[in-house]
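# Structural overview
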Number of protein chains: 2
Amino acid sequence: MTIADTQSLLAENQRLKVLLEVGQAISSLMELDDLLLLIARETARVLKADRCTLFLLDEKREELWSKVAMGEEKIRLPKESGIAGLVVTTGETLIIDDPYSNPHFNPEIDKKTGYHTRSLLCGPMRDSKGEVLGVFQVLNKLDGGFQQEDKELLEAVAAFSAIAIENARLYAELKKTFYSFIETLAATIDARHHLTAGHSHRVAKYTVGIAREMGLPKKEIEILRVAAFLHDYGKIGIPDSILAKPGKLTEEEYAQMKRHPALTKEILGKIYLSDDYRGIPGLASTHHERLDGSGYPFGLKDGKIPLGGRIMAVADVFDAITSKRDYREGMPYPEALEQLREDVGKHFDPEVFDAFERYLRKELADKTDEKKKPS
Amino acid sequence: MTIADTQSLLAENQRLKVLLEVGQAISSLMELDDLLLLIARETARVLKADRCTLFLLDEKREELWSKVAMGEEKIRLPKESGIAGLVVTTGETLIIDDPYSNPHFNPEIDKKTGYHTRSLLCGPMRDSKGEVLGVFQVLNKLDGGFQQEDKELLEAVAAFSAIAIENARLYAELKKTFYSFIETLAATIDARHHLTAGHSHRVAKYTVGIAREMGLPKKEIEILRVAAFLHDYGKIGIPDSILAKPGKLTEEEYAQMKRHPALTKEILGKIYLSDDYRGIPGLASTHHERLDGSGYPFGLKDGKIPLGGRIMAVADVFDAITSKRDYREGMPYPEALEQLREDVGKHFDPEVFDAFERYLRKELADKTDEKKKPS
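The following refers to the structure shown. (Residues numbered from 1 in each chain as written. Chains lettered and ligands numbered in written order. Predicted model: local features only at pLDDT ≥ 70, side-chain atom pairs only at ≥ 80, totals over all residues.)

### Side note on the interface of chain A and chain B
Formally: The contact criterion used here is simple: two residues whose C-beta atoms, placed from the backbone, lie within 7 Å are in contact. Secondary structure elements follow DSSP: runs of H or I of four or more residues count as helices, runs of E of two or more count as strands, with numbering from the N terminus. Only Asp, Glu, Lys and Arg are considered charged, only Ala, Val, Leu, Ile, Met, Phe, Trp, Tyr, Cys and Pro nonpolar, and every remaining residue, Gly among them, polar.
Each partner contributes to the interface: chain A provides 44 residues, whereas chain B provides 44 residues. Per element, the largest residue contribution to the side of chain A that touches chain B is 18 residues, and it comes from helix H5 (residues 148–190) of chain A. When grouped by side-chain class, the residues that make up the side of chain A that touches chain B number 23 nonpolar, 14 polar and seven charged.

### A few points about the pairing of strand E1 (residues 49–58) of chain A
Residue and element names in this part refer to chain A. Worth spelling out the cut-off: Paired strands are those between which DSSP finds at least two bridges.
Across seven bridges, E1 lies against strand E6 (residues 132–141) in antiparallel orientation. The residue of E6 that forms the bridge with Leu-54 is Phe-136. In this structure, E1 lies alongside strand E2 (residues 63–66), joined through three bridges in antiparallel fashion. From the neighbouring strand, Leu-56 faces E2, where its bridge partner is Trp-65. Between E1 and E2, which pair antiparallel one after the other, the connecting turn spans four residues, and Glu-62 there sits at a positive phi close to 50 degrees.

### Quick word on the relation of the copies chain A and chain B
Between the two copies of this chain, the relationship is a rotation about some axis together with a displacement along it. Heads up, the condition is: Our superposition of the copies is a least-squares fit, built on the C-alpha atoms of residues whose pLDDT is at least 70 in both.
Here chain A sits on chain B after a turn of 180 degrees about the axis and a move of 0.0 Å along it, with an RMSD of 0.2 Å. With respect to symmetry, the two chain copies, as superposed, fit the operation of a two-fold axis. Residue by residue, 100% of the interface of chain A is reproduced at the interface of chain B, so both copies engage with the same surface.

### Things to note about the sheet that holds strand E5 (residues 120–126) of chain A
Residue and element names in this part refer to chain A. Going by this rule: For helices, the fitted axis covers only the stretch in contact; all axes are lines through C-alpha atoms, and the angles between them, taken along N-to-C directions, range from 0 to 180 degrees.
Pairing is antiparallel across the open sheet formed by six strands, whose spatial order is E3-E2-E1-E6-E5-E4. Of all the strands in the sheet, just strand E3 (75–78) and strand E4 (94–96) have a single pairing partner and so form its edges. Each strand axis lies, on average, 25 degrees off the axis of its neighbour in the sheet, ignoring direction. For E4 and E5, the ladder comprises three bridges, and the chain directions are antiparallel. Bridging from a neighbouring strand, Leu-94 pairs with Cys-122 of E5. Together, E1, E2, E3, E4, E5 and E6 form the strand contacts of helix H3 (residues 82–90), whose direction differs from that of E5 by roughly 40 degrees.

### Here's the deal with the environment of Leu-224 of chain B
All names here are of chain B. This is how it is decided: We call a residue exposed when 12 or fewer other C-beta atoms sit within 10 Å of its C-beta, buried when the count reaches 20 or more, and partly exposed for counts in between; the C-beta positions come from the backbone.
Here Leu-224 lies in helix H7 (residues 218–229). By the C-beta count within 10 Å, which is 26 here, Leu-224 ends up buried. Separated by 17 residues in the primary sequence, Leu-224 and Thr-207 have C-alpha atoms spaced 7.4 Å apart. Excluding residues within four positions of it along the chain, Leu-224 makes contact with Thr-207, Val-208, Ala-211, Gly-308 and Ile-311.

### Considerations on helix H10 (residues 260–268) of chain A
Residues His-260, Pro-261, Thr-264, Lys-265, Ile-267 and Leu-268 of chain A constitute the buried set of H10 of chain A. Contact partners of the buried residues in H10 of chain A: helix H9 (251–257) and helix H11 (280–284) of chain A.

### Looking at the sheet that holds strand E1 (residues 49–58) of chain B
Residue and element names in this part refer to chain B. Read across the open sheet, the six strands follow the order E3-E2-E1-E6-E5-E4; overall the sheet is antiparallel. Strands at the two margins of the open sheet, each flanked by one partner only, are strand E3 (75–78) and strand E4 (94–96). Here the strands of the sheet are splayed against their neighbours by 25 degrees on average, with no regard to which way each runs. Bridge analysis of strand E2 (residues 63–66) against E3 gives four bridges, and the strand direction is antiparallel. Looking at E3, one finds that Trp-65 is bridged to Arg-76. Contacting E1 and strand E6 (132–141), helix H2 (residues 32–46) runs over the sheet at an angle of about 140 degrees to E1. Across the sheet, helix H3 (residues 82–90) lies against E1, E2, E3, E4, strand E5 (120–126) and E6, angled at about 40 degrees from E5, the strand it touches most.

### What about the packing of H5 of chain A against helix H6 (residues 199–213) of chain A?
Residues and elements named next belong to chain A. Convention followed: Note on terminology: angles under 35 degrees are roughly parallel, angles over 145 are roughly antiparallel, angles of 65 to 115 are roughly perpendicular, and the others are oblique.
Between H5 and H6, whose axes approach to 8 Å, the crossing angle comes to 125 degrees. The angle between H5 and H6 places the two elements in the oblique class. Along the contact surface, H5 presents Ala-186, Ile-189 and Asp-190, while H6 presents His-199, Ser-200 and His-201.

### Side note on the packing of helix H1 (residues 3–27) of chain A against helix H5 (residues 148–190) of chain B
Which entries qualify depends on this criterion: When the near helix sits turned anticlockwise from the far one by under a right angle, the crossing is termed left-handed; a clockwise turn instead gives a right-handed crossing.
Running from amino to carboxyl end, H1 of chain A crosses H5 of chain B at an angle of 15 degrees, the nearest separation of the two axes being 9 Å. The orientation of H1 of chain A with respect to H5 of chain B, classified from their angle, is roughly parallel. Crossing of H1 of chain A against H5 of chain B: the hand is left-handed. For the pair H1 of chain A and H5 of chain B, the contacting residues are Leu-20, Gln-24 and Ser-27 of chain A in the first and Ala-156, Ala-159, Phe-160, Ile-163 and Ala-164 of chain B in the second. Of the residues that constitute the contact of H1 of chain A with H5 of chain B, the class distribution is six nonpolar, two polar and no charged.

Given below as structure tokens:
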């Protein structure tokens, strides 16, 4: 064996080890956005290239798109355009040393972004059935041009990437179903009476708006959104005769009606939720608590009420008084806000109210017609 | 570089390539049971060993368990027992050439299974936080004993396995949530009236029983089970005054009541379902169709009614007449079966009815008390 052979064997050994590492890193992500970012970054690193763009194929729209093109904006291309399009069509991996002299190369993107493509490695990513799922476009080898071994390395990275992307998509499908179930549960409640249609949606919208104004972390906002969607689910246990009664409730009827937040907790508590979401039933049940302890079902005071409960309280009352009822019109937004303001410190948390006021001002500024409700 | 060095380098490259292959295979499965089976099989193959058992750690029960122990029954062990227990405690990978002389080795399993353990390689599987998730136990190297390189190979396989198992568990969690939502939707309907409590559950149970008797594929049975659970969901749109009316309905009320299968389709149709499940809303809406075309909402005839619909029809009517109502007791099973038999060919599909009769006979044989309802 020559020294050159040994060196190439050692180099292959090194590449295989890097590949194993990358394979593990890629396999460990299930969130599609994070995954696409990681794949692009790792591919550029492993191939010692300046950047990598991973295009996914959208067969319906006959386009290639990239959500996370490193250092660039989101891109959509007709699926047969440029070098990437050529790879989709032929299924072959291409090394192009002098892109500007290649008739398939589209210099427009360079022009737009001010980037200069010197060398290019472009290969398909195939799913488990062998169908092309997307295209890797690796730009500007840092040291010299792309070689045969880079091609092989890219093909191996692509194999791991395809598996991870298919898993992430499966996971994303199930998550989409999860949210759609939540919407169905919310719609079920709202459907009991035509005048409450859309209430859960709007309360969720206001709740998220306030939470964002207050700078809550993304994960907490997601949980709060679900809780807000489902806050009234316990109403499923309240008879139509009370729920849809035109006009005011008698004292006894009101007592029955007041059972609904506790019922929300009881019914939602039977849903199997992963650790992250397990607090939702309890949280959802606190939307009728009041800062001064006069609320229900628990009569919690001030900081004992979870922040999410204090936020939903504002969102819920605001939507209730601005929506039409059988016996009255909906109150205009500015008037409703003033009515809420009177109860700040007693019913509502001052910081939450301030955040809602800021949110609403922005919302209204975004509408041409001030009276139009956010939908 | 000596010839021996070159050979060992070549051998290492070979091992790395096998590892990449195994890593990809393992990463491509999301169903936990299939995954555990594949990991055990691939590990034995890669390590040129006779068998491999993958134990998972159950921290709550302080046990190691293996669902898929190759060639053995399901096993549960106290988490500190035997060589596997030692690996959990120390976190070290062990090679044991002569197990019977090792004080930690438990020869009981060999005794029970008639297997003879000659050599043993046992190592931990760690999750992304470095916590021990389980233990690989590889038995009887086919050719000589286990070497240092087998140890390294096992550690690499374990790393891929841990990632795949964590992904599969995440997926399983979300699936569990999915089914629990379905149960919540079903319970929501049943909760509208105390006398229909459990109806959706029982119809799903009978439906699955019939489908199994008829030898339907697993996937179809799963879909049918969901459809059966949700078949009455449209009742959410029927007023309490009709739904919970004691005694018979007027003609007009009955006409309203008959809207519920179409409503089931409409409401469930709004849930985002993955391709596999997309037929559920339509299927669920066919449980009141009759073979002679006199059913509703579509008046479908014979084979035009999906098999699932014909199955649910039998399950639904049987549960309705055997359950107590305000105005009558539930009918005993044998009598109910005879009443259904009169409508075979008109309302019910003969093959479905036969399958139900077989299912029910087995069910009743399983109960000590004949009158006790399956729960």
